[in-house]
Amino acid sequence: MASKRTTVRDLRRHNRSLLLSKLYFDGPLSRHELSQLTGLSAATVSNVTAELGEERLITEAGQVESDGGRPRVLLRVDPAYGHVAGVDIGETGVKVELFDLAMNRLATVEHPLPKAPDPATAVEQVTSGLREVFASAAIDESAVLGVGIGVPGTVEQGARVLVHAPTVGWDGVPFAALLQDAGVGLPLFVDNGAKTQGQAEMWFGAGRGARHAVIALIGSGVGAAVVTDGTTYRGSTSSAGEWGHTTIAYGGQECRCGSRGCLEAYIGAGAVLARYRKARGKDITGEDEQAQFSALLAAAPKSKTAARVLDETAGYLGAGIANLINLFNPERIVIGGWAGLALGEQLLPRIRAAAGEHALRHPFSQTSIQLGSLGLDAVATGAATLPVADLLEQGATSRLAKPGAPDSDAA
């Protein structure tokens, strides 16, 4: 197969993307530092940063003394260039957050969802949430570069983005198209919630600096983002990372997906509460699943049944983590999600010990297991990074280019 010819436009876009990404993640930096870090010539750095400055994508951020010469001007991505929204569609609610380009959170709203919400209800809550955060931050929709959305299921990327989420009854739902039909005219980016959480932790949280990592999400459902050589592994149809539906017990507990013995059927919050309910013969108090899960954790010091159920859960989670270690040989595993963080805060040593009992000795010794650092906002934050990632990848020459800015592809 003949290789694609690289054009001057391709080269310019690559250079813009390279410099913009370096400033976004490592800035502020001087032009001299940019040249050293990227390998681009001083002339190229000067020309490209001048373009980016004219487009208001980057701005000056002070000066630093140089060796014997004039002070060097520091550059950074301008947080005021535009805004991005991140949406976390969970199994019990929708969270919508608005950020500036530096990922400073400007507004947040949350709306509850019924159990197994139909797509139309989720669309209604997302559109309402977007209007609310724009109004709260006094931001016009024209200043928003895009909306990222994390969903509880696999996302089939393509000309028509389809969401497959059997645990909530969604089968091939064209969620982005439904939002557009509902009047959302902004660029939309839809991905699995575990993957958006993974990107957030890799960019800003406990995964930062790792090249090979697994970011686990444990809530009502269970998933993971597998990062290899700095890139999230997606598989042939983007369904890679469904760790919660790997089999941990042949013929075991029935899972919500319709199979049996899935990891989610043992460590998902609902499954843990069901195991306690069966052992104790009654429900634990709490108005919703998160409150009941917190009550279960709080009961452990006084209740042998609660302590046993949680110890079993930590063991199952550790065994599941061992499978990740044996399969992917990550340098770091990060546990996130509201249930994962709650379990880890109380039982992380037990989880680590169980992982060590089931993983191969050498790769386990090379892996750290820790909690996520972005808390309960990680999925929405990660979703908001989706339009930012597109901006950086395209060098701001894509459909996200700010209205009124010079068209750098036209030169």
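In what follows, the structure referred to is the one given above.
Predicted model, so just to flag it, every value in this text is computed and none were measured.

### Considering the pattern of salt bridges
1) Next: Taken as a whole and assessed by the stated rule, the structure comprises 16 salt bridges.
2) Next: Of the charged contacts in the structure, one is a salt bridge between Asp191 and Arg234, with a shortest N-O distance of 2.6 Å. Of this pair, Asp191 sits in strand β11 (residues 188-192) while Arg234 sits in the loop between β14 (231-232) and α7 (264-267); the two residues are 43 residues apart in sequence, bridging distant segments of the chain.
3) Next: Asp191 gets classed as buried once you look at its relative accessible area, which sits at 4%.
4) Next: Through salt bridges with shared partners, one network takes in Arg12, Arg16, Glu51 and Glu55.

### Points about unusual backbone geometry
1) Next: Cis rather than trans, the peptide bond between Gly27 and Pro28 has omega equal to 5°.
2) Next: With respect to the element layout, Pro28 can be found in the loop between α1 (8-26) and β1 (29-30).
3) Next: The phi dihedral of Met103 falls on the positive side, at around 65°, and the residue is not glycine.
4) Next: By secondary structure assignment, the location of Met103 is in the loop between β5 (93-100) and β6 (105-112).
5) Next: On the basis of relative accessibility, which here comes to 12%, the residue Met103 falls in the buried class.

### Side note on the packing of helix α10 (residues 304-328) against helix α11 (residues 338-358)
1) Next: For the pair α10 and α11, the least separation of the axes is 7 Å and the interaxial angle reads 55°. The pairing of α10 with α11 is recorded here as oblique in orientation. Where α10 crosses over α11, the handedness of that crossing is right-handed. On α11, the residues that touch Leu310, Asp311, Thr313, Ala314, Gly315, Leu317, Gly318, Ala319, Ile321, Ala322 and Asn326 of α10 are Leu343, Gln346, Leu347, Arg350, Ile351, Ala354, Ala355 and His358.

Quick notes on the rules
- All chains use their own residue numbering, which begins from 1 and follows the written sequence.
- Under the rules for a predicted model, residues below a pLDDT of 70 receive no local features and side-chain atom pairs below 80 are neither given nor counted, while totals for whole chains, interfaces and linings still include all residues.
- Note that water and hydrogens are dropped before the side-chain values are worked out from all heavy atoms of the structure.
- Every case where a carboxyl oxygen of Asp or Glu lies within 4 Å of a side-chain nitrogen of Lys or Arg is listed as a salt bridge.
- The way it works is that DSSP assigns letters per residue, a run of H or I at least four long becomes a helix, a run of E at least two long becomes a strand, and they are numbered from the N terminus.
- A simple rule labels every residue: compare its accessible area, found with a 1.4 Å probe on the protein chains alone, to the largest value its type can have, and call it buried under 20%, exposed over 50%, or partly exposed in between.
- Whenever a helix is involved, its axis is fitted only over the stretch in contact; in every case the axis is a line through C-alpha atoms, and angles between N-to-C directions fall within 0 to 180 degrees.
- Here the word oblique covers every angle except those under 35 degrees (roughly parallel), over 145 (roughly antiparallel) and from 65 to 115 (roughly perpendicular).
- Should the near helix be turned counterclockwise from the far one by less than a right angle, the crossing is left-handed, whereas a clockwise turn marks it as right-handed.
- When checking whether two residues touch, look at their non-hydrogen atoms; a contact exists if any pair is within 4.5 Å.

Such coordinate-based values are descriptive only and should not be taken to indicate function.
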